[in-house]
Amino acid sequence: MVHLSSIATALAAGLLPQLANAAGLNTAATAKGLDYFGTATDNPELTDNTYMTQLKNTDDFGQLTPGNSMKWDATEPSQNSFSFEKGDAIADLAEANGQKLRCHNLVWYQQLPSWVSGGSWTNETLTEALKNHITKVVTHYKGKCYAWDVVNEALNDDGSYRENVFYQHIGEAYIPIAFEAAAAADSDAKLYYNDYSIEYGGDKANAAEKIVKLVQSYGAKIDGVGLQGHFTVGQTPSKKDLASTLKSYTALGVEVAYTEMDVRMETPSSSDKLSQQSTDYASLVGACAETEGCVGITIWDWTDKYSWVPDTFSGYGDACPWDENYKKKQAYNGILNALGGSSSARKSRKMRRNMITRGN
Ligand code: XIL
């Protein structure tokens with residue numbers, strides 16, 4: 001039994017949303033005018049019943065992204081031999097729960113099978129293999145993907161192109177070629193360029209804008225820029241800077257989304273770090289919420305139990321809004337408040353949009 005006094009203390013400390021307006025992250029996001037708030041998930045976790053109960057909670061998650069199972073090594077492990085079982089498991093889950101699906105990803109230099117990364121290619125043979133991969137995978141998931149991350153992480157941090165196998169043999173044209181093939185296979189999916197460290201101004205963000213223009217200059221369809229949003233506690237840009245960068249993309253006529261948000265910290269955690277983490281999450285979420293054309297936010301899994309961070313960034317962890325025992329951290333309320341989840345008085349973007357159209 002929960003004591004009223006402990007609820008009052010938690011409320012006073014700002015740890016709980018106001019009960020009268022309590023809503024989950026997705027409910028608050030959609031009320032604010034976004035299309036979804038969602039999470040990445042991965043096949044090994046689907047056997048964890050406690051995890052699954054929360055994953056299916058559409059009050060918090062209106063969208064899923066498969067963390068690994070639609071990548072090239074998973075879908076085409078040997079040339080022209082496709083395997084969709086694991087990707088299908090996540091697509092089916094999203095469909096059964098009524099959650100949108102962001103499909104991730106078609107072309108990336110990592111998690112590439114060795115027949116691609118180590119093959120002996122010419123411009124022509126690699127272009128054919130690239131088109132074949134995209135056509136088969138996108139056709140298989142046709143009608144199921146709200147969006148596809150068509151090209152992932154094509155840029156170095158200084159804004160130059162990564163010298164990956166595609167760039168080496170095809171040059172920058174591999175990017176528009178990939179978008180053309182994806183559009184031909186599913187004309188309804190929103191096609192995204194997705195990367196990290198493009199959330200704030202600088203050489204890499206400028207280069208991402210150039211990629212949008214490059215694809216457009218080929219007459220190919222590009223609908224969005226995905227900003228991964230992997231940040232570190234205390235090193236997350238301000239809401240103002242984040243929002244101004246989002247607007248530099250939407251000015252090109254594309255939508256934007258935070259596609260892989262998490263805010264890691266050096267472990268062990270402390271109450272100061274958890275509090276700063278909540279502020280950092282709120283900056284990201286607030287920037288999206290106030291930017292026309294920012295359609296949604298995805299966290300890169302919701303619980304520290306299954307976060308990719310400790311495996312990738314040695315000494316870092318605790319990056320998700322829920323801890324490894326599935327308990328909500330302060331970050332959860334930081335996100336919720338940034339979505340207006342505890343303030344029904346504030347007008348949502350949708351309401352404001354309607355008022356503007358009606359001339360109010
Ligand atoms: C990560 C997965 O979460 C890990 O399980 C895997 O080992 C490596 O890839 N940017 C991306 C994602 O676009 O695909 C990555 O996902 C995280 C960084």
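Cut-offs applied
- Residues numbered from 1 in each chain as written.
- Predicted model: local features only at pLDDT ≥ 70, side-chain atom pairs only at ≥ 80, totals over all residues.
- Heavy atoms only, no water.
- UniProt positions renumbered as here; feature names shortened; annotations may be inferred.
- Axes fitted to C-alpha atoms, helices over the stretch in contact; angles between N-to-C directions.
- Helix = DSSP H or I, 4+ residues; strand = E, 2+ residues; numbered from the N terminus.
- Parallel < 35°, antiparallel > 145°, perpendicular 65-115°, else oblique.
- Left-handed = near helix turned anticlockwise from the far one by under 90°.
- Contact = heavy atoms within 4.5 Å.
- Near = heavy atom within 4 Å.
- Polar contact = N/O pair within 3.5 Å; in protein donor to acceptor, adjacent residues only side chain to side chain.
- Areas by Shrake-Rupley, 256 points an atom, 1.4 Å probe, with all protein chains shown as cover.
- Nonpolar A, V, L, I, M, F, W, Y, C, P; charged D, E, K, R; others polar.
- Buried < 20%, exposed > 50% of the residue type's maximum accessible area, 1.4 Å probe, protein only.
- Pairing = 2+ DSSP bridges.
- Right-handed = clockwise from strand over helix to strand, strands pointing away.
- Disulfide = S-S within 2.5 Å.
- Phe/Tyr/Trp six-rings, centres within 6.5 Å; stacked < 30°, edge-to-face > 60°.
- Lys NZ or Arg CZ within 6 Å of the ring centre and 35° of its normal.

The protein chain has the name Beta-xylanase in an unreviewed UniProt entry, where Aspergillus ruber is given as its organism. Under the Pathway (unreviewed entry) heading, UniProt states for the protein chain: "Glycan degradation; xylan degradation." According to UniProt, the comment filed for the protein chain under the heading Sequence similarities (unreviewed entry) is "Belongs to the glycosyl hydrolase 10 (cellulase F) family."

A. Geometry of the packing of helix 9 (residues 174-185) against helix 10 (residues 203-217). Two numbers describe how helix 9 lies on helix 10: the axes approach to 9 Å, and their chain directions differ by 60°. Accordingly, the angle class assigned to the pair helix 9 and helix 10 is oblique. Helix 9 and helix 10 meet at a crossing whose hand is right-handed. For the pair helix 9 and helix 10, contact is made by Ile175, Pro176 and Phe179 and by Ile211, Leu214 and Val215, respectively.

B. Broad picture of the site of the ligand. Taken together, Asn68, Lys71, His104, Trp108, Gln111, Asn152, Glu153, Gln228, His230, Glu260, Trp300 and Trp308 make up the full set of residues near the ligand. Here an oxygen atom of the ligand and a side-chain polar atom of Asn152 are 2.9 Å apart. Taking Glu153, its side chain carries an N or O atom lying 3.2 Å from a nitrogen atom of the ligand. Taken by itself the ligand offers 410 Å² of open surface, and the protein chains cover 77% of this. Split into classes, the residues belonging to the shell around the ligand amount to three nonpolar, six polar and three charged.

C. Spatial organisation of the pairing of strand 8 (residues 255-266). Taking burial as the measure, the 12 residues of strand 8 include 11 buried ones, the bulk of the element. Both strand 6 (residues 224-227) and strand 8 contribute to a ladder of four bridges, which runs parallel. When the bridges of strand 8 are listed, Val225 appears paired with Val256. Bridge count for strand 7 (residues 230-232) against strand 8 is three bridges, and the pairing is parallel. Looking at strand 8, one finds that His230 is bridged to Asp262. Read from strand 7 through helix 11 (residues 239-250) to strand 8, the crossover connection turns out right-handed. When strand 8 meets strand 9 (residues 294-299), the two strands line up parallel, connected through four bridges. For Tyr258, the partnering residue across the bridge sits in strand 9 and is Ile297.

D. Inspection of the state of the cysteines at higher detail. Following the criterion strictly, the structure yields two disulfides and no others. In this model, Cys103 is linked to Cys145 through a disulfide, with the two sulfur atoms separated by 2.1 Å. Around the S-S axis, the bridge from Cys103 to Cys145 shows a dihedral of about -85° and counts as left-handed. Highlighted residues: Cys103 in strand 3 (residues 100-107) and Cys145 in the loop between helix 7 (123-140) and strand 4 (147-152), separated in sequence by 42 residues. Considered together, Cys103 and Cys145 belong to a single accessibility category, that of buried residues. The disulfide partner of Cys288 is Cys294, and the gap between their sulfur atoms is 2.1 Å. Measuring the twist about the S-S bond at about -100°, one finds the Cys288-Cys294 disulfide to be left-handed. Taking relative accessible area as the criterion, Cys294 reaches 1% and is therefore assigned buried.

E. Summary view of the packing of aromatic side chains. Enumeration over the complete set of coordinates arrives at 19 aromatic pairs. Here Tyr51 and Tyr306 contribute two aromatic rings whose centre-to-centre distance is 5.1 Å and whose plane-to-plane angle is 90°, an arrangement assigned as edge-to-face. Of this pair, Tyr51 sits in helix 3 (residues 49-55) while Tyr306 is found in the loop between strand 9 and helix 13 (309-312), placing the two residues 255 residues apart along the sequence. Taking relative accessible area as the criterion, Tyr51 reaches 0% and is therefore assigned buried. Feature note: the residues Tyr51, Phe61, Trp302, Tyr306, Trp322, Tyr326 and Tyr332 constitute an aromatic cluster, connected by ring pairs. A cation over a ring is seen here: Lys204 above Tyr196, with NZ or CZ 3.8 Å from the ring centre. The residue whose ring lies beneath Lys328 is Tyr332, and the NZ or CZ to ring-centre distance is 4.2 Å.

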